[in-house]
Amino acid sequence: NQTDGSIQFPQSTSAGIYLGGTAAANKLDDYEEGTWVIGLTFGGASVGMTAAVTDGTYTKVGNLVTCTGYFALTDVGSSTGDAVITGLPFAVSGLNGGYSALSIRNIRISFADQVDGNTVKSGTTITLSESTNAGVITSLTNGNFGDTSGFIMSVTYRTV
């Protein structure tokens, strides 16, 4: 093993890398980059929905995942119900601290005053909602979307 300052490099990085010390809490043994397909459902379905773009990328460092992406509809389809982003590449932690807020730039999604969302514990989805200046929060539904709706998104969350 070679030691350089506070970073210890094992002979094989497949075993992990220690950052800031050699205690178990300092071991980084998981790093990954990749792509994921962003999905959207209304009431759990996407009947007749057509998307032109579903491109997502992610970086996973330890148990922290950052997902970004762009999603664009060409046909909203006929499904009805609450809007949910699907397909996160790793399950969200089941702990209360696992909740994470979504950063979203909407493209032709109608809503009251603010659109937002959050990860769902122990799942691979993000619920979408709208909130008014008065603090009333309701789920976004198929009625908020049209054939040319879309979004640019980013979320960082803890995985299982």
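Residues numbered from 1 in each chain as written. Predicted model: local features only at pLDDT ≥ 70, side-chain atom pairs only at ≥ 80, totals over all residues. Heavy atoms only, no water.

**A short note on the pairing of strand 11 (residues 114-119)**
- Across six bridges, strand 11 lies against strand 12 (residues 126-131) in antiparallel orientation. Looking at strand 12, one finds that Q114 is bridged to S131.
- With antiparallel pairing between neighbouring strands as the criterion, strand 11 and strand 12 make up a hairpin whose turn holds six residues, including S122 at a positive phi of roughly 65°. (Pairing = 2+ DSSP bridges. Helix = DSSP H or I, 4+ residues; strand = E, 2+ residues; numbered from the N terminus.)

**Notes on the nonpolar core**
- Residues L40, I85, L128, F145 and M153 are the most contacted members of the largest nonpolar core, which totals 28 residues.
- In contact with L128, other than residues within four places in its own chain, are L40, A83, I85, L102, I104, D116, G117, S139, L140 and F145. (Core = buried A, V, L, I, M, F, W, Y, C linked by side-chain atoms within 4.5 Å. Buried < 20%, exposed > 50% of the residue type's maximum accessible area, 1.4 Å probe, protein only. Contact = heavy atoms within 4.5 Å.)

**Observations regarding the packing of aromatic side chains**
- This structure, assessed with the given rule, holds three aromatic pairs.
- For the pair Y58 and F90, a centre-to-centre distance of 5.3 Å together with 85° between the ring planes defines the contact as edge-to-face. Residue Y58 is located in strand 7 (residues 50-61), and its partner F90 is located in the loop between strand 9 (83-86) and strand 10 (103-107); the two are separated by 32 residues in the primary sequence.
- Accessibility expressed as a relative area gives 9% for Y58, which makes it buried.
- Ring centres 5.2 Å apart and planes at 15° place the aromatic pair F71 and F151 in the stacked group. Of this pair, F71 sits in strand 8 (residues 64-75) while F151 sits in strand 14 (residues 150-158), and the two are 80 residues apart along the sequence.
- The ring of F90 is capped by K60, whose NZ or CZ atom sits 5.3 Å from the centre of that ring. (Phe/Tyr/Trp six-rings, centres within 6.5 Å; stacked < 30°, edge-to-face > 60°. Lys NZ or Arg CZ within 6 Å of the ring centre and 35° of its normal.)

**So, the side chain of T159**
- Among the structural elements, T159 can be located in the segment after strand 14.
- A residue is classified by how much of its surface remains accessible, and T159, at 10% relative accessible area, is buried.
- Look past the residues within four positions of T159 in its chain and what remains in contact with it is K60, N63, V65, F90, A91, V92 and S93.

**Some details on the environment of V76**
- With respect to the helices, strands and loops of the structure, V76 is situated in the loop between strand 8 and strand 9.
- Separated by 38 residues in sequence, V76 and Q114 have C-alpha atoms that sit 21 Å apart.
- If sequence neighbours within four positions are ignored, V76 has contacts with F42, M49, F145, G146 and D147.

**What about the sheet that holds strand 14?**
- Across the sheet, which stays open at both edges, the five strands sit in the order 5-7-8-14-10 with antiparallel pairing between neighbours. Strands with a single pairing partner mark the edges of an open sheet, and in this sheet they are strand 5 (31-37) and strand 10. Between one strand and the next, the sheet's axes are offset by a mean angle of 10°, whatever the strand orientation.
- One ladder, built from five bridges, connects strand 10 with strand 14; its direction is antiparallel. Following the sheet pairing, I107 is matched in strand 14 by G150. (Axes fitted to C-alpha atoms, helices over the stretch in contact; angles between N-to-C directions.)

**What to know about the pairing of strand 8**
- Bridging between strand 7 and strand 8 involves eleven bridges; their strand directions are antiparallel. Directly across from Y58, in strand 8, lies its bridge partner C67.
- If you look at the hairpin formed by strand 7 and strand 8, you'll find two residues sitting between the two strands, and G62 has a positive phi there, around 65°.
- Taken together, the nine bridges between strand 8 and strand 14 define a ladder with antiparallel strand orientation. Residue T68 lies in a different strand from strand 14, and its bridge partner there is S154.

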